[in-house]
Amino acid sequence: MSENMKIYDDSFEIEGATYPLNAIKKVTILNEDAKYKGKTKPFTHQVLSGVTMLMPIAGNPALYVGLRIVLDDDSTQHVYVSQKPVQINSEAYFADRKEAEKLMEQLTKDAPSSVLRVEKNDPIL
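The rules behind each value
Residues numbered from 1 in each chain as written. Predicted model: local features only at pLDDT ≥ 70, side-chain atom pairs only at ≥ 80, totals over all residues. Heavy atoms only, no water. Helix = DSSP H or I, 4+ residues; strand = E, 2+ residues; numbered from the N terminus. Buried < 20%, exposed > 50% of the residue type's maximum accessible area, 1.4 Å probe, protein only. Contact = heavy atoms within 4.5 Å. Pairing = 2+ DSSP bridges. Axes fitted to C-alpha atoms, helices over the stretch in contact; angles between N-to-C directions. Expected span 1.5 Å × (residues − 1). Arc of directions from axis to C-beta. Polar contact = N/O pair within 3.5 Å; in protein donor to acceptor, adjacent residues only side chain to side chain. Phe/Tyr/Trp six-rings, centres within 6.5 Å; stacked < 30°, edge-to-face > 60°. Lys NZ or Arg CZ within 6 Å of the ring centre and 35° of its normal.

**Student:** Which parts of the structure should I look at to understand the overall build of the chain?
**Tutor:** Scanning the chain from N- to C-terminus turns up two helices and eight strands. Mapped from its N terminus to its C terminus, the chain presents α and β elements in the order β-β-β-β-α-β-β-β-α-β. Within the chain, the fraction of its 125 residues that count as buried is 42%. Put simply, 62% of the contacts in the chain that link residues at least 6 apart link residues at least 24 apart.

**Student:** I tried to follow the pairing of strand 3 (residues 17-20) on my own but got confused; where do I start?
**Tutor:** Remark: a regular strand shows side chains that alternate across the two faces of the sheet. In this structure, strand 2 (residues 11-14) lies alongside strand 3, joined through four bridges in antiparallel fashion. What sits directly across from Ile 14, in strand 3, is Ala 17. Connecting strand 2 to the antiparallel partner strand 3 that follows it, the hairpin turn spans two residues, and Glu 15 within it adopts a positive phi of roughly 50 degrees.

**Student:** Explain the sheet that holds strand 1 (residues 5-7) to me, please; I cannot follow it from the model alone.
**Tutor:** Backbone-to-backbone hydrogen bonds pair the strands of a sheet. The strands run either parallel or antiparallel. The sheet built from three strands is open, its strands ordered 1-2-3 with antiparallel pairing. At either end of the open sheet lies a strand with only one pairing partner, and these are strand 1 and strand 3. Taking each pair of neighbouring strands and ignoring which way they run, the sheet shows an average axis angle of 20 degrees. Contacts between helix 2 (residues 91-108) and the sheet are confined to strand 1 and strand 2, with strand 1 contributing the most and set at about 45 degrees to the helix.

**Student:** Is there a simple way to think about helix 2 in this case?
**Tutor:** For an α-helix, 3.6 residues make a turn, and residues three or four places apart therefore share a direction. The end-to-end C-alpha separation of helix 2 is 26 Å, in line with the 26 Å expected for 18 residues at 1.5 Å each. Residues of helix 2 that are buried include every one of Tyr 93, Asp 96, Arg 97, Glu 99, Ala 100, Leu 103, Met 104, Leu 107 and Thr 108, and no others. One face of helix 2 carries all of its buried residues, which in axial projection span an arc of 160 degrees. Helix 2 presents Glu 91, Lys 98 and Glu 105 as exposed residues on the side facing more than 90 degrees away from its buried surface.

**Student:** Just checking my understanding: could you explain the side chain of Thr 108 for this structure?
**Tutor:** Its place among the elements puts Thr 108 in helix 2. There is a polar contact of 2.8 Å between the side chain of Thr 108 and the backbone oxygen of Met 104.

**Student:** Just checking my understanding: could you explain the packing of aromatic side chains for this structure?
**Tutor:** For any pair of aromatic rings, the description rests on two quantities: the centre-to-centre distance and the angle between the ring planes. Going through the model one piece at a time under the given rule, you end up with four aromatic pairs. Seen from their ring centres, Tyr 93 and Phe 94 are 5.4 Å apart, and the 70 degrees between their planes marks the pair as edge-to-face. Taking the relative accessible area as the measure of exposure, Tyr 93 reaches 2% and is therefore buried. You can call Phe 94 partly exposed: its relative accessible area is 47%. Every member of this aromatic cluster is reached through a ring pair, and the members are Phe 43, Tyr 64 and Tyr 80. The ring of Tyr 64 has Lys 37 lying over it, and the distance from NZ or CZ to the ring centre is 4.5 Å. If you follow Lys 37 out to its NZ or CZ, it ends over the ring of Tyr 80, 4.6 Å from the centre.

Structure representation (structure tokens):
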């Protein structure tokens, strides 16, 4: 589990702040370009999972896998699952994606499907 996130029966905690699970409106798994982590708002510079056609020219980008959690007041919380940069489509990448999916499932297990939207890659346009 991510070091910065704890999930309880009816709430979750990120960096010391606690939020109710029933306040979650949307959870998205995202990939952030590693060179921008900590320099801009989290997940502003995304790398899409299926962008492998550019890889022979540009090389495999290093990235961080994480979650964007939108609450019912439209505020957002972010948590990085990757503890260090991973290469897209590597074993470490797939392990971090699997961990992100597990966290997403724990966060949304009791949410009514009519209210909650869960997405595995939601690019910002």
